[in-house]
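Residues per chain are reported as follows:
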Amino acid sequence: MATYLEFIQQNEERDGVRFSWNVWPSSRLEATRMVVPLACLLTPLKERLDLPPVQYEPVLCSRPTCKAVLNPLCQVDYRAKLWACNFCFQRNQFPPAYAGISEVNQPAELMPQFSTIEYIVQRGPQTPLIFLYVVDTCLEEEDLQALKESLQMSLSLLPPDALVGLITFGRMVQVHELSCEGISKSYVFRGTKDLAAKQIQDMLGLSRPAVPMQQGRPLQTPEQPVISSRFLQPVHKIDMNLTDLLGELQRDPWPVTQGKRPLRSTGVALSIAVGLLEGTFPNTGARIMLFTGGPPTQGPGMVVGDELKTPIRSWHDIEKDNARFMKKATKHYETLANRSAANGHCIDIYACALDQTGLLEMKCCANLTGGHMVMGDSFNTSLFKQTFQRVFSKGYNGEFRMAFGANLDVKTSRELKIAGAIGPCISLNAKGPCVSENELGIGGTSQWKICSLDPSTTLAIYFEVVNQHNAPIPQGGRGAVQFVTQYQHSSTQRRIRVTTIARNWADAQTQLQHIEAAFDQEAAAVLMARLGVYRAESEEGPDVLRWLDRQLIRLCQKFGQYNKDDPNSFRLSESFSLYPQFIFHLRRSPFLQVFNNSPDESSYYRHHFARQDLTQSLIMIQPILYAYSFHGPPEPVLLDSSSILPDRILLMDTFFQIVIYLGETIAQWQKAGYQDMPEYENFKHLLQAPLDDAQEILQTRFPMPRYIHTEHGGSQARFLLSKVNPSQTHNNLYAWGQSFGQQNS
Amino acid sequence: MSQQGYVAAPPYSQSQPGIGGFGPPNSSIHYGHYGDPNSSYSAPQPGVSKSAVPFGSPAPVGPPPPGAQQFSPNSFQNGSGTPGQQPQRFQGPPPPAQLADQLNSMQINSYGPGTAPSSSVSPGHRAAFQGPQVLPPAQQQMGLPPAPQLPPPPANSVNGLCAQPALPPVARQGGIPGPVPPNPNLQHLPGQPPGPGYHPQQANYGPQMAAPQLSYPGAFPGGPAQLAGPPQKKLDPDSIPSPIQVIENDKAARGGQVYATNTRGQVPPLVTTNCVIQDQGHASPRYIRCTTYCFPVTSDMAKQARIPLAAVIQPFAAVPPNETPLYLVNHGETGPIRCNRCKAYMCPFMQFIEGGRRYQCGFCNCINDVPQFFFQHLDHMGRRIDHYERPELSLGSYEYVATSDYCRDKKPPNPPAFIFMIDVSYRNIKSGLVKLICDELKTLLDKLPREEQEESSAIRVGFVTYNKVLHFFNVKSSLAQPQMMVVTDVAEVFVPLLDGFLVDFEESRSVVTNLLDQIPELFADTNESETIFAPVIQAGMEALKAAECAGKLFLFHSSLPTAEAPGKLKNRDDKKLLNTDKEKTLFQPQGNYEALAKDCVANGCCVNLFLFPTQYVDVASMGLVTMYTGGTLYKYNNFQLDADSPQFLSDLRKDIQKKMGFDATMRVRTSTGFRATDFFGAIYMNNTTDVEMAAVDCDKAVTVEFKHDDKLNEDTGALIQCAVLYTSLSGQRRIRIHNIGLNCSSQLADVYRTCETDALINFFAKSAFKAILSQPLKTVRDILVNQTAHMLACYKKNCASPAAVSQLILPDTMKVLPVYMNCLLKSCVLASRPEIPTDERAFHRQLIMAMGVADTQLFFYPLLLPIHSLDLKSDAVPAAIRCSEERLSEGGAFLLANGLRMFLWLGASVSSELIQGLFNVPSFAHISTEATSLPDLDNPFSKKLKHILAQIQSQKPHTMKLMVVKQREQPEMLFRQFLVEDKSIYGGASYVDFLVCIHKEISQLLS
């Protein structure tokens, strides 16, 4: 097993790929019997310190329907300067530039260690990154001030040549023109009227050739004269202007009467933002950043009326079909998301409010475009401030950890077909021979668009084995999958990353143990979870749970060893041992349980679940619990109520929350102030240790988790108690307590 | 009447001429009217205006007999030859009768004596007068009837002379009371305590009526067939009634005096006469003028006479400083006291009964309780003790403070706002107009109107600029610099901001100034030439709506709105439509402007439009909202910064500073038997009774037509109460009340005797201009001619003494109706001529729809002043002359003004002294006709002329642009159009021709 674990790990590190099965059942029938589908988690832009991009274009298979990229798995005839495509078996001539190749003089893409390789291509115009702030002004003064400061700060984090734009909204929507002197100018739109893209562009004066509008201003770059607009200006030019503008931003001046919500035109504001970018920078990486402090209350996309006496929809309302605006609003935002995605623009949502803000309806904006979704209580919290700052964080090489407009193309060898993908992407509807008719997730295509992604963005891609049972694959045959990701790097370069992987086929009837041993239960759990969550979006909760249960049962049936009618005889092999536990916690997770979560929260959780990499996803499914005590070094402990002991400090990471929980005794000690006494310095260290570890997690996590420091009996302890497996409940706790008491006595 | 009896020859009697010689009073009377305007007129008129006496006096000349006749019972007269009725009216007796009716018992006394003495006295007078008059009358008469033939020339000259002589008589009358005393009529002046006013008037009228008979064709008095009389052509212009004479006579008789409105049905001085008006229970004629001050009692009578029964109400008319402004009555929370049934407001027409505990409504006769707080005892006359302490009991006009019941949503209104909306399209920027406006506003905003007692204006201001999109400006005082908010959604325009759009100028001065400095620069390099229009108004209205206040928009616009937006207009100026049934469409608005106007009115949004067109801009459509909302339309064709900015700026200044009321609703209530049926003006009517006006300023007048419901009562008369609910400049809700009482009579003669031609023309103009929207112009013109003929025919038939068919007989009060009517018919609105731009016609149509009596009078019959012979010593404006080329002279200089434009016409041989004095250039040839103003020169002549210009200008809403016209140079054509008595270059009939035509019509009607 060690070998498989290593293999899996190595594969993940090199290629960013985790397959549920690392040896593939060789026929369709067998594959279906495996219960867990053949699928992988792909992190297309996994950060690779050791992968310098090559500065030339990839060599493509000449068959028009294939166009696979030359890769280490291809057979190469060095003398004839030919290579055979390992997907379609087309024989291709090397391009002239490859004339000098030989066995000893191979281009990088033929070397086995370059199963993942990145090309930089010099095609098309380079456009600077674009950031369009869409800011809600119906905020409390304090919140608005904090938000303004965050926005002003963010200007300094942007690359100087990045274009920025500002749209503010409340009852009206204002598109600010950034290049004017002397008088600040903005275009105003009614917040209640849905405008077509064309109308918006007409109204903003974008439909005419941009040249006249640029009078008096030097053009951005000579080679792209048309692409620019008054509303999007390079940061370095209007830095001061925009800072002032943001500084002068006032709360929405329209009066809000008692008992009403402020009128907030989020729907129109977003629509205008999308229309603006659509008209000015189609097919260019751009980020619409929506900052909202409450639910949309008017116009298209309204989520709740302005009467405070009508509360915003809850799961209960939704189940009762009582959410009046939900369907219409969702449709509105979906349309926007699709339009935006089609143009390669992503939409971030930063929603900070104590009540719901309509994330349920707006989620698709972030989900389909790969945008961020951040939920907080107030803009004036470090949670928001740091999260927002982290959006502009830079990677190891000083580059922004964001990429735009990615186009993921998946190619498979002929025994495999693509069933679908789940992640922050939309289908590009690329039909082809390798597209399966059975869809899992977003299917029916071999290409997806991911408008924005970062090094951790991870997609689940599901495959279907189509090889018939009666057409055995020759011994040693391997199936191959190639992932070609074209994207706009944050440095504005176009890049292509190509990952080609291959796995052995195995006949499930004769070599089941191979297959079993090559099972990646972590990947499988996440892949199944993604399927489950994906289904939960559209199906009733109990149905999904039943489906999950059935899958688990079937899996256990298939791979468990047991004697009939003897529960104690049940055994699972090591490669499956953790899987049921994952599924158990998944069932309890907020991704599938809506109880105690608002629709917004559910949407928020699901959003993040659908895009994080395997490690983070697992944390989400089954939070990690560390125990700190005097008994030894910190250790992970079972996520179980039995792990809560008086003399322990627990650190729980649920991805969304980090909880530090002081056991009863520890809490008492702390109250007594032992940590301040020199002689109990070790206690001080003990108290400090989880804090440091938490800090470390906080450093890298996006979005910033909610940080909770609590203790036995504290009100916030519920965050921990709700997560642990209640092996001790009020039912058996009593008995246990009694027995404990008896022991004491 | 008497004439007939008198003269064997009908011709004579009818036509003054013959009579003149004879001097039968009647005849003389006729003659006076008739006679030339100048001479005969002058003589009679003075009398007319002041008292009957004059008339009698001139007329009497020869005619003691007639006098006798008059006195003699009607029967006699009748017997003598004419139908009994007619004579009755005219004769002496009737007037007294009326007097009796109208006056208190007091008067009755006068009655008896009055009649008798007059007869006896008259001769004496006559004698006195005769001297001078004799000749003229004879001539006049001669002139008239014979006119067709040859006599004219001499007549003219004579007339001219006569004119002068005529004056003296007047003077005499005025001054002569001494000799006159015997005449009862005259007495009025010196004053019978009881009803001085009455006596004279009636007395006057009586005779007047009779007098004004024009035997127009009558070459042969006897000749019945004069109609055919083609000779008319040669009719002597001096022998036909002269408006100038009428005006001057009235001035002489009543000018400079105090006119107290203490009597029901008294006819006020003409609009052209300056006098001080004292409110003593009826609204001042500045507020209400009626077409007749005596309504016929039955609708049959009204139909017979076809005299429109109408009142021209100018509820916010400016009053000169020497008259008392309206009192403000505040009844606290209970609000104004109103009749329970008809809701009429407490006014002098309410009769208190039962010791003051109850009152009877004068309008509906309902008996109401007097509210406790309002109770007051009655004196022995049955009048409340506090009668003179309460304006609502003793005055014709006053104001109430309204309670919240009278407010929108029962909330007291916010102070109104002014929004300046400037078209910043290419043309306006290039012409420098935008800069001009912005610069002007900087100082002008300090002069926003305010209530007398307040220190600063409560009016807030806002700014919008636009081309094909709208730019709103945030000029909140706390901002460092203004913010511009562009609204591009013109299809469904809205207001992008609330706070900071409408500001107090004082508070936001620096930001506003900053903005006004920046606007011209902001758009300096614009190349946007398309504009929108309806959305701009919409935006302004929405802004006011959002701010919950009424207000006024000032739009400065230059071109046809062709940008894709609601209210987009296309050029539809099609000359081919002229003289077809479709011509009316040119005056109808395109698109949905009606609905917009309706919205504006509903929200109290008045739209003032300043147009600067260089070509067709469809005034009919663009001006519609302005008209419906009580705004004013200003139009500057081919605006040139240098030449036209003084005119424009003066208009703008005047308009901004105007006193006005906002968000007004007017209701006209009448006593039983008749009611208001039709309303004309810059108004909007949602239903048939409420006149809605987004705003109403001092120049806007509403003409109201009345119809009979039932028989009127001669005792109680016809009472009218006009109540205007409005928001004052300071944002106070008020009700302005004007009350006026009219007489009723079963005698047509009484009706004719109290007619007012100026008001009639106002009514005819408005009703015709309204009618052209739905009827072919030809029909409208025909109706006008027809009705004129009808009214006059009815008079001749029923009121005048029997005369030959061929004689044209005009009632004294309608002497100048034909000439005015002709002016109306010739006005460019009704003249379907391709030479006249459609926009100009629509523009005039609109202006006139909102005009008051004084403005229409001047507009239709321009003021023509000889200025070469100015009397530098006096302050007075020289006497006007008739608008005819014949009156001009090569050696003279003349000033013509019609309320919209002004011309200075210089004869070819005008003295160089004058030229030097006015223009500071050596000779005629050096005068530049480009100038639109006269240089300020330090010589008495120039100063005097400037003074006159200022005086003429002072009372007119539009600033008149001065144009210098040299005789026999091209622009003279333009000037000639305003010589309204002449044949117009566009084919309009000359006065004489028209008179002939009317006469023909009358004869036809009577035959």
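In this text, all values refer to a predicted model and were calculated from it rather than measured experimentally.

**Some points on helix α13 (residues 541–559) of chain A**
All names here are of chain A. Here α13 is 19 residues long and its end C-alpha atoms lie 27 Å apart, about the 27 Å a rise of 1.5 Å per residue gives. Of all the residues in α13, the buried ones are Val544, Leu545, Trp547, Leu548, Gln551, Leu552, Leu555, Cys556 and Phe559. Across the axial projection of α13, the buried residues extend over an arc of 165°, all falling on one side. Exposed residues on α13 whose side chains face more than 90 degrees from its buried face are Ile553 and Gln557.

**Section: the UniProt feature "domain: Zinc finger Sec23/Sec24-type" (unreviewed entry) in chain B**
Here, UniProt's "domain: Zinc finger Sec23/Sec24-type" (unreviewed entry) annotation points to residues 336–373 of chain B. For residues 336–373 of chain B, the helix share is 0%, the strand share is 24%, and the end-to-end C-alpha distance is 12 Å.

**Considering the sheet that holds strand β5 (residues 82–84) of chain A**
All names here are of chain A. Strand order in the open sheet formed by 3 strands is β4-β5-β6, with antiparallel pairing between adjacent strands. The two strands at the open ends of the sheet, each matched to only one other strand, are β4 (75–77) and β6 (91–93). The average undirected angle you get between the axes of adjacent strands in this sheet is 25°. Relative to β6, β5 runs antiparallel, the two sharing 3 bridges. Across the sheet, the residue bridging to Trp83 is Asn92, located in β6.

**Re the UniProt feature "domain: Sec23/Sec24 beta-sandwich" (unreviewed entry) in chain B**
On the UniProt side, "domain: Sec23/Sec24 beta-sandwich" (unreviewed entry) is annotated at positions that read residues 661–744 of chain B here. Measuring from the first to the last C-alpha atom of residues 661–744 of chain B gives 33 Å, for a span that is 0% helix and 67% strand.

**Looking at the environment of Ile867(B)**
Residue and element names in this part refer to chain B. Position of Ile867 among the secondary structure elements: in the loop between β25 (863–866) and β26 (893–897). When the C-alpha atoms of Ile867 and Gly892 are compared, they prove to be 7.4 Å apart, with 25 residues separating the residues in sequence. Residues contacting Ile867, with those up to four places away along its chain left out, are Ala893, Phe894, Leu895, Leu904, Leu914, Leu918, Phe941 and Leu945.

**A closer look at the pairing of strand β25 (residues 624–629) of chain A**
Residue and element names in this part refer to chain A. Where β25 meets strand β27 (residues 649–653), 5 bridges bridge the pair, whose relative direction is antiparallel. If you follow Leu625 over to β27, its bridge partner there is Met652. Here β25 runs beside strand β26 (residues 632–636); their pairing, made up of 3 bridges, is antiparallel. Within the sheet, the bridge partner assigned to Ser629 lies in β26 and is Gly632. The antiparallel pairing of β25 with β26 creates a hairpin that spans 2 residues between the two strands.

**Focus on the sheet that holds β27(A)**
Residue and element names in this part refer to chain A. An order of β26-β25-β27-β28-β29 is seen for the 5 strands of this open sheet, with the pairing classed as mixed. Looking along the sheet, the strands with just one partner apiece sit at the ends: β26 and β29 (706–711). Put simply, the sheet's adjacent strands are angled 15° from each other on average, direction ignored. Most of the contacts of helix α17 (residues 664–672) go to strand β28 (residues 657–662), to which it runs at about 75°, and overall it touches β27, β28 and β29.

**With respect to the environment of Pro935(B)**
Position of Pro935(B) among the secondary structure elements: in the loop between α32 (912–919) and α33 (940–954). Pro935(B) sits 16 residues away from Phe919(B) along the chain, and the two C-alpha atoms are 6.3 Å apart.

**A word on the packing of aromatic side chains**
Throughout the structure, instances matching the rule amount to 71 aromatic pairs over all chains. Aromatic pair Tyr636(B) and Phe648(B): ring centres 5.5 Å apart, planes at 80°, arrangement edge-to-face. Taken together, the residues Tyr636(B) in the loop between β17 (633–635) and α25 (641–657) and Phe648(B) in helix α25 connect sequence positions 12 residues apart. Each member of the pair, Tyr636(B) as well as Phe648(B), carries the same accessibility label: buried. Connected via pairs of aromatic rings, a cluster forms that spans Phe418(B), Phe420(B), Phe463(B), Phe554(B), Phe556(B), Phe610(B), Phe612(B), Tyr634(B), Tyr636(B), Phe639(B), Phe648(B) and Phe662(B). We note Lys394(A) situated over the ring of Phe400(A); from NZ or CZ to the ring centre the distance is 5.0 Å.

**Topic: the UniProt feature "domain: Sec23/Sec24 beta-sandwich" (unreviewed entry) in chain A**
UniProt annotation of "domain: Sec23/Sec24 beta-sandwich" (unreviewed entry) refers to residues 403–506 of chain A when read in the numbering used here. Its end C-alpha atoms 38 Å apart, residues 403–506 of chain A is made of 0% helix and 55% strand.

The rules we used
- Along each chain, residues carry numbers from 1 onward, in the same order as the chain's sequence is written.
- Each chain is given a letter, starting from A, and each ligand a number, starting from 1, according to the order in which they appear as written.
- Totals for whole chains, interfaces and linings use all residues, but because this is a predicted model, local features are given only for residues with pLDDT of at least 70 and pairs of side-chain atoms are given and counted only at 80 or more.
- As a rule here, side-chain values come from all non-hydrogen atoms in the structure, and water together with hydrogens is ignored.
- Secondary structure elements are taken from DSSP: a helix is a run of H or I of four residues or more, a strand is a run of E of two residues or more, and numbering for both begins at the N terminus.
- Helix span, as expected, comes to 1.5 Å for every residue beyond the first.
- The buried label applies to any residue whose accessible area, calculated with a 1.4 Å probe on protein chains only, is under 20% of its type's maximum; exposed applies above 50%, and partly exposed to all values in between.
- The directions considered for the arc are those from the helix axis to the C-beta atoms.
- UniProt positions are given in the numbering used here, feature names are shortened, and annotations may be inferred rather than shown by experiment.
- Strands are labelled as partners when DSSP assigns at least two bridges between them.
- Fitted lines through C-alpha atoms serve as axes, helices being fitted only where they are in contact, and the angles separating the N-to-C directions of these axes extend from 0 to 180 degrees.
- Residues are treated as being in contact if the distance between any of their heavy atoms lies within 4.5 Å.
- Ring pairs are drawn from Phe, Tyr and Trp, using the six-membered ring of Trp, whenever the two centres fall within 6.5 Å, and their geometry is named by plane angle: stacked under 30 degrees, edge-to-face over 60, tilted for the rest.
- Whether a charge sits over a ring depends on NZ of Lys or CZ of Arg being within 6 Å of the ring centre and within 35 degrees of the ring normal.

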